[in-house]
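Below, each chain spelled out in residue letters.
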Amino acid sequence: MLHSVKYRWAIAASVCLAIAGAFAQSQPTAPKTIDQVFKNIQVLKGVPADQLNPTMGFIAASLGVGCDHCHIAGAFDKDDKKPKVVARQMMQMMFAINKENFEGKRVVTCYSCHRGTQEPVAVPVIAEEEPKQEKPAAALEITADQILDKYVLAIGGADAIQKISSRVEKGKATTFGGHEFPVDVYQKGSEKRASYLHTPQGDSVTVYDGQGGWMTMPGRPSREMSGGDLDSAKFDADLQFPLTVKQSFAELKVSGTEKVDGHETYVVTGNRADLPPVNFYFDQQTSLLVRELRYTETPLGRFPTQIDYADYRASGGTKIPFQWSVARPGSKFVTRLEDVQNNVPIDDAKFAKPPEPPPLTRH
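Residues numbered from 1 in each chain as written. Predicted model: local features only at pLDDT ≥ 70, side-chain atom pairs only at ≥ 80, totals over all residues. Heavy atoms only, no water.

Caption draft 1: The packing of aromatic side chains, seen in detail. As enumerated under the stated definition, the model contains three aromatic pairs in all. Ring geometry for Y186 and Y196: centres 5.8 Å apart, planes at 90°, overall edge-to-face. Taken together, the residues span a long stretch of sequence, with Y186 in strand 2 (residues 180–188) and Y196 in strand 3 (residues 192–199) at a distance of ten residues. The ring of Y281 has R291 sitting right over it, with the charged end atom 6.0 Å from the ring centre. It is K353 that lies over the ring of W214; its NZ or CZ is 6.0 Å from the centre. (Phe/Tyr/Trp six-rings, centres within 6.5 Å; stacked < 30°, edge-to-face > 60°. Helix = DSSP H or I, 4+ residues; strand = E, 2+ residues; numbered from the N terminus. Lys NZ or Arg CZ within 6 Å of the ring centre and 35° of its normal.)

Caption draft 2: Layout of the pattern of salt bridges. Within the structure shown, the criterion is met by 14 salt bridges. One salt-bridge network, in which partners are shared between bridges, spans D79, K84 and R88. (Salt bridge = Lys/Arg side-chain N within 4 Å of Asp/Glu carboxyl O.)

Caption draft 3: Structural detail: the packing of helix 7 (residues 144–154) against helix 10 (residues 241–248). At a minimum axis separation of 10 Å, helix 7 and helix 10 run at an interaxial angle of 165°. It follows from the interaxial angle that helix 7 and helix 10 lie roughly antiparallel. The chirality of how helix 7 crosses helix 10 is right-handed. Of helix 10, the residues touching helix 7 (which contributes D145, L148, D149, Y151 and V152) are P242, L243, V245 and K246. When the residues that make up the contact of helix 7 with helix 10 are grouped by side-chain class, the tally is six nonpolar, no polar and three charged. (Axes fitted to C-alpha atoms, helices over the stretch in contact; angles between N-to-C directions. Parallel < 35°, antiparallel > 145°, perpendicular 65-115°, else oblique. Left-handed = near helix turned anticlockwise from the far one by under 90°. Contact = heavy atoms within 4.5 Å. Nonpolar A, V, L, I, M, F, W, Y, C, P; charged D, E, K, R; others polar.)

Caption draft 4: Examining the pairing of strand 10 (residues 289–297) more closely. Taken together, the four bridges between strand 9 (residues 275–283) and strand 10 define a ladder with antiparallel strand orientation. Within the sheet, the bridge partner assigned to Y281 lies in strand 10 and is R291. Hairpin connection between strand 9 and strand 10: a loop of five residues separates the two successive antiparallel strands, and S287 in this loop has a positive phi of roughly 70°. One ladder, built from seven bridges, connects strand 10 with strand 11 (residues 302–315); its direction is antiparallel. Within strand 11, the residue paired with E297 across the bridge is R302. Linking two consecutive strands that pair antiparallel, namely strand 10 and strand 11, is a turn of four residues; a positive phi of about 160° is found at G301 within it. (Pairing = 2+ DSSP bridges.)

Caption draft 5: Here's a closer look at the pairing of strand 13 (residues 331–342). As paired elements, strand 1 (residues 166–174) and strand 13 share eight bridges and run antiparallel to each other. Paired with G171 across the bridge in strand 13 is L337. Pairing geometry for strand 12 (residues 318–328) and strand 13, over six bridges, is antiparallel. The residue of strand 13 that forms the bridge with A327 is K332. Where strand 12 hands over to strand 13, the hairpin turn is made up of two residues, of which G330 adopts a positive phi near 90°.

Caption draft 6: Examining helix 10 more closely. Turning to helix 10, its buried residues number three or more, namely F241, P242, V245 and S248. Viewed along the axis of helix 10, the buried residues span an arc of 85°, placing them on a single side of the element. (Buried < 20%, exposed > 50% of the residue type's maximum accessible area, 1.4 Å probe, protein only. Arc of directions from axis to C-beta.)

Caption draft 7: Spotlight on the nonpolar core. Grouped together as the largest cluster of nonpolar side chains are 32 residues, with contacts concentrated most on I147, F249, L252, F282 and L289. For this core, the elements supplying multiple residues, two or more each, are helix 7, helix 10, strand 7 (251–260), strand 8 (263–272), strand 9, strand 11, strand 12 and strand 13. Considering every element that reaches this core, the biggest residue donor is helix 7, with six residues. (Core = buried A, V, L, I, M, F, W, Y, C linked by side-chain atoms within 4.5 Å.)

Caption draft 8: A look at a nonpolar patch on the surface. A contiguous nonpolar patch, built from V86, M90 and M93 and spanning about 230 Å² of accessible area, is present on the exposed surface. Tracing the sequence through the fold places V86 in helix 5 (residues 82–101). In this structure V86 comes out as partly exposed when scored by relative accessible area, which is 30%. (Patch = residues over 30% accessible without salt bridge, like charges linked within 9 Å, V, L, I, M, F, W, Y side chains within 5 Å. Areas by Shrake-Rupley, 256 points an atom, 1.4 Å probe, with all protein chains shown as cover.)

Caption draft 9: Structural context of helix 5. Compared with the 28 Å implied by 1.5 Å per residue over 20 residues, the 28 Å span of helix 5 between its first and last C-alpha is a close match. For helix 5, the complete set of buried residues consists of K84, A87, R88, M91, M94 and N98. Each buried residue of helix 5 sits inside an arc of 120° when the element is viewed along its axis, so together they form one side. In helix 5, those exposed residues whose orientation departs by more than 90 degrees from the buried face are K82, E100 and N101. Where helix 5 is buried, its residues meet helix 4 (52–63) and helix 6 (110–114). E103 occupies a position one or two residues after helix 5 and carries a positive phi of about 55°. (Expected span 1.5 Å × (residues − 1).)

Caption draft 10: Structural context of unusual backbone geometry. Phi is positive for D261, close to 50°, though the residue is something other than glycine. Relative to the helices and strands, D261 is located in the loop between strand 7 and strand 8. Unlike most non-glycine residues, S287 shows phi in positive territory, near 70°.

Right, dumping it as C-alpha cells:
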C-alpha cells in the first residue's frame, strides 16, 4: 500500500545511520539552528540544524566528492583543508547570484555548474541518447483522482485496506557497498511505526509514535526527528494513507508521463504549502505505485530521494511490494522482504524511546 511503501526511506535512513553517521549528534526537541548545534559554522547560520546532513549531501553530489574532500575525519570543525574554505566562498557566491539576479529565489545551485564534477562544466556534453519526449500533462485524458482510485483497487480495494490494523515485516537490506543487514518493521494503527536495522554493532532504530520521532544508532544518543524527517514520518505512520492521500496534499495533479524500467507511468505530483513536492509514479497497465520521488529542502537546493518498488505480492487481502530500493546521490539501498504478518499483536515497547547509552570511557 502507498502508506507502506512511503516508509521505505526511513529504513534507508537507518542504514545511513549505521554505516556513516558522520554528522549525527543529539538534538533537543526544541528546534535549533546549525550554528547552535555544530562548531565553526560561518555561512549557514540560522538554518535549521536538521538541514545540515542533506546540505552536505547536496554539495557532495553536486561535486562528485566525499566528506573527506573538505573535512578531516573526526575533526569536522577544523579548517585545515583549502576546499572547505573554497566551499564557503562558493556558497556565498551562489547566494549573491540568486539575490542579485533572481529576486532572491533559489534558481542557481551548486549543481547548475558542477554537474557531478569538481570543476564546473563549461562545455556542452554530447548526449548518447535522444532526449526523452514525454507526453505533456495537458494532453492526458485522466485525472489524479482517477489514477489514485485505480491504485486503491489494484492493491485490494478500500475495504481490504481498512481491515489492516497492524503489520510486521521482516527482511534484509543490502547497502551500496554490498553489506547486508536484517530489518524488522513494525506498524500499529495509524500513528505508530518503527524499523529496526540489526548490525553487528547493535540495532539502528527509526521510530514515530504519534507524538514525535527519533533515530538511534549503536553507541550514540538518540536524535530527535524534525523538519522533513518528522513530516515524512507522520505520513508513513498512517495505515490508511492510500485512502487519505487526497486529504494529505493541498493539490494533486497529473504532471505528465515517464518510463520507469521500460514501463509507461503516470506521474502524479502532490503539493503542500511550504514543503517540497512529492512525485508518485503509477504503472499505466497495473495501476501500481512503482516509484516515488521526494525532496529534502536545503539552503543550497533540493536533495532528492528516489524509491523504486517491485515484486508486489498478496498480503492480508492487499498487495504490497516485497522489494524496494532507496537511492540518493552517491548511495543506494535495496530491501527484500522474507516474511509479512498482518493484524498481529505488537508490544508498545517496540515504539518506546530507548535509554541513552552510557558515555564512552577513555582509558
